[in-house]
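# Observations on the three-dimensional arrangement
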Number of protein chains: 4
Amino acid sequence: MLTIKRLSLADARILIEGARKKAEDIGVPMCIAVTDESGQLIAFERMDGGKITSTIIAQDKAYTAAGAKRTTESYGIASQPGSAAYGINTAIGGRLTIVGGGLPVIVDGDVVGGIGLSSGTPAQDTECAQAGIEHFLRSVATDPA
Amino acid sequence: MLTIKRLSLADARILIEGARKKAEDIGVPMCIAVTDESGQLIAFERMDGGKITSTIIAQDKAYTAAGAKRTTESYGIASQPGSAAYGINTAIGGRLTIVGGGLPVIVDGDVVGGIGLSSGTPAQDTECAQAGIEHFLRSVATDPA
Amino acid sequence: MLTIKRLSLADARILIEGARKKAEDIGVPMCIAVTDESGQLIAFERMDGGKITSTIIAQDKAYTAAGAKRTTESYGIASQPGSAAYGINTAIGGRLTIVGGGLPVIVDGDVVGGIGLSSGTPAQDTECAQAGIEHFLRSVATDPA
Amino acid sequence: MLTIKRLSLADARILIEGARKKAEDIGVPMCIAVTDESGQLIAFERMDGGKITSTIIAQDKAYTAAGAKRTTESYGIASQPGSAAYGINTAIGGRLTIVGGGLPVIVDGDVVGGIGLSSGTPAQDTECAQAGIEHFLRSVATDPA
């Protein structure tokens, strides 16, 4: 039997809170999704003005980052024409996402979930996802439990 | 030109809060989805222990209730063998959901969104969805704005 | 953070072994799938002569049983015309399976995975899935670890 | 009437065994899928720690290699921008996979199945798939039957 660590709903809310604050700072209303380590949705918020298409894309970025244990941005690099993972973006019915904005959430070396942002540029999406993770890791570090 | 009334993210959180409280009362961890009047996801929460399959089903219940402007339970009745809507549950790739737990959110006669619950019995799912709506309508009534 | 128990590959093989032995006993070549507690595939075997359609159905039965934490057979009962879950079988693109043969694998009260069989009658599929679980639980009970 | 040669379940297990040993050697937990000559799944194993996304991708690589009678890596080359098969990766709902790691299993000039690996780099996936085939072909050569 394996023992797996997984984000709780309380954890997911902290991740979203951190990402949302950064999105407010940069003035871009975002769709924000958090999945567990298996890529299954735990929580989602579309800020007022977030893009409709991003409701799906944010979820698929979080799914990809958690399920493949890497950033979606890294897939974008690895799948350029002529590169080894070229064409990977159509995998899993197109859910495998290679556009920046999806990050695995890693605690003590284990992937415990994923966060995906969409509505800004990929760089903005990544920046906000990263802010969510940093906010979460700070809360874990200060948690007396 | 049309003017559409639509749930905000703040509204969606209130709907989820009301549904979650009822779910805690009855002791069933739920997946809770809130969509806008077009059936597009605004917010989602999977309570710790909510079912994996329900992450999709809750969203599709909310989508159906908002998009079709009726409860998913009413579709279950209307699509029994021999009834007029028989077979409607395969529509839209199976997203059109006829199991109870999806309700349109109606304000002043207008559908402004949908709420879908899944993980309990359909009756429990509906009860919690209804609790979310009642919690939301109370907050609207007391809002000085 | 949550801590989750999950079947290992070694566990999945034991489940398949037990199911296969029963399938050989009753003379029905089966497709046998084992998923983790999130419904994601760990191991699969199609016995020589197993049905092509069952390669998918066995996986979806295991997915449903693990993800919804109940037998697929129980969904068949709950979704008869006039019953509350009528029409649930088209959910999740039709992956939610209501035909017998899918069972959750439960250890110490926690769903740690799912097993799905297909190629026989639903009763035969269920019988073999149950045999797999019993074989696995015996091995857990005698494991000195 | 045609007579088709096809991998048995026993053959599929040998293919997986060879691939898994190589995966253990290089220290990458893999998802390993073996299909028959029609691309239909015979056996699958996710080594502990294999990626969730790879549960699907490994199957689709094996499907593609068996069904199209060529390596998935060769499709990657043939579908570069400006090449004749450009865009083929969206075929069959995205199941046609052009990333390395899927190989046809060929015996006496006939494609009798396919093997697909996923979780490492495409080069690692291909290396392990090849190891599986070599392990299998050695077992065929020494089989007194």
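Basis of the calculations
- Residues numbered from 1 in each chain as written.
- Chains lettered and ligands numbered in written order.
- Predicted model: local features only at pLDDT ≥ 70, side-chain atom pairs only at ≥ 80, totals over all residues.
- Heavy atoms only, no water.
- Least-squares fit on C-alpha atoms with pLDDT ≥ 70 in both.
- Contact = heavy atoms within 4.5 Å.
- Axes fitted to C-alpha atoms, helices over the stretch in contact; angles between N-to-C directions.
- Helix = DSSP H or I, 4+ residues; strand = E, 2+ residues; numbered from the N terminus.
- Parallel < 35°, antiparallel > 145°, perpendicular 65-115°, else oblique.
- Left-handed = near helix turned anticlockwise from the far one by under 90°.
- Nonpolar A, V, L, I, M, F, W, Y, C, P; charged D, E, K, R; others polar.
- Pairing = 2+ DSSP bridges.
- Salt bridge = Lys/Arg side-chain N within 4 Å of Asp/Glu carboxyl O.
- Buried < 20%, exposed > 50% of the residue type's maximum accessible area, 1.4 Å probe, protein only.
- Buried area = accessible area lost by both parts, 1.4 Å probe.
- Polar contact = N/O pair within 3.5 Å; in protein donor to acceptor, adjacent residues only side chain to side chain.

## Here we look at the relation of the copies chain D and chain C
Turning chain D through 179° and shifting it by 0.0 Å along the axis lays it on chain C, with an RMSD of 0.1 Å. Here the copies are linked by what is in effect a two-fold axis. Relative to the rotation axis, the C-alpha of Phe44(D) is the closest in chain D, positioned 2.4 Å from it. A share of 100% of interface residues in chain D that are also interface residues in chain C marks the association as one of identical surfaces.

## Notes on the packing of helix H1 (residues 9-26) of chain A against helix H4 (residues 122-141) of chain A
Residues and elements named next belong to chain A. Where H1 contacts H4, the two axes come as close as 7 Å, and the packing angle between them is 135°. Taken as axis vectors, H1 and H4 run oblique relative to one another. Relative to H4, the crossing made by H1 is right-handed. Where H1 approaches H4, its residues Asp11, Ile14, Leu15, Glu17, Gly18, Ala19, Lys21, Lys22, Ala23 and Ile26 are matched on the opposing element by Gln124, Glu127, Cys128, Ala131, Gly132, Ile133, His135, Phe136 and Ser139. When the residues that make up the contact of H1 with H4 are grouped by side-chain class, the tally is nine nonpolar, five polar and five charged.

## Section: the sheet that holds strand E4 (residues 110-118) of chain B
Here we have eight strands laid out as an open sheet, ordered E4(A)-E5(A)-E2(A)-E3(A)-E2(B)-E1(B)-E4(B)-E3(B), and antiparallel in their pairing. A single partner strand is all that each edge strand has here, and the edge strands are strand E4 (102-107) of chain A together with strand E3 (102-107) of chain B. Neighbouring strand axes in the sheet, compared pairwise and without regard to direction, differ in orientation by 20° on average. Lying over the sheet, H1(A) contacts strand E2 (31-36), strand E3 (41-46), E4 and strand E5 (110-118) of chain A together with strand E2 (41-46) of chain B, oriented at roughly 30° with respect to E3(A). Sheet strands touched by helix H1 (residues 9-26) of chain B: E3 of chain A together with strand E1 (31-36), E2, E3 and E4 of chain B. Its angle to E2(B), the strand with the most contacts, is close to 30°.

## A few points about the pattern of salt bridges
Under the definition given, this model contains 39 salt bridges over all chains. As a salt-bridge pair, Arg46(B) and Asp36(A) come within 2.9 Å of each other at their nearest N and O atoms. Taken together, the positions of Arg46(B) in strand E2 and Asp36(A) in strand E2 put the pair across two chains. Here Arg46(B) and Asp36(A) have matching classes, each one buried. One salt bridge in this structure joins Lys5(C) and Asp108(C), with 3.8 Å as the shortest N-O distance. Within this pair, whereas Lys5(C) is found in strand E1 (residues 2-6), its partner Asp108(C) is found in the loop between strand E4 (102-107) and strand E5 (110-118), the two being separated by 103 residues in sequence. Connected via shared salt-bridge partners are Arg6(A), Asp36(A), Glu37(A), Arg46(B), Arg6(C), Asp36(C), Glu37(C) and Arg46(D).

## Thoughts on the interface of chain A and chain B
Contacts between the two partners involve 17 residues from chain A and, on the opposite side, 17 residues from chain B. The contact between chain A and chain B buries some 1500 Å² in all, and 44% of this surface belongs to carbon and sulfur atoms. Its largest share of buried area at the contact with chain B, chain A owes to Leu9(A), Leu41(A) and Arg46(A), together 33% of the area lost on that side. Counting across the chain A and chain B interface gives four salt bridges. Taken together, the links from chain A to chain B amount to 13 residue pairs in polar contact (both at pLDDT 80 or more). Of all the secondary structure elements, the ones that give two or more residues to the side of chain A that touches chain B are H1, E3 and helix H2 (52-68) of chain A.

## Focus on the interface of chain D and chain C
Counting residues at the interface gives 17 residues for chain D and 17 residues for chain C. With both sides pooled, the region where chain D packs onto chain C buries about 1500 Å², and carbon together with sulfur makes up 44% of that total. Taken as a group, Leu9(D), Leu41(D) and Arg46(D) account for 33% of the area that chain D buries against chain C, more than any other trio of residues on that side. On inspection of chain D and its partner chain C, the count reaches four salt bridges. The interface formed by chain D and chain C contains 13 residue pairs in polar contact (both at pLDDT 80 or more). For the side of chain D that touches chain C, the secondary-structure elements that each account for two or more residues are helix H1 (9-26), strand E2 (41-46) and helix H2 (53-68) of chain D. Residue composition of the side of chain D that touches chain C, grouped by class: seven nonpolar, four polar and six charged. As judged from the three bridges shared by strand E3 (residues 41-46) of chain C and E2(D), these two strands associate in the antiparallel manner. If you follow Phe44(C) over to E2(D), its bridge partner there is Phe44(D).

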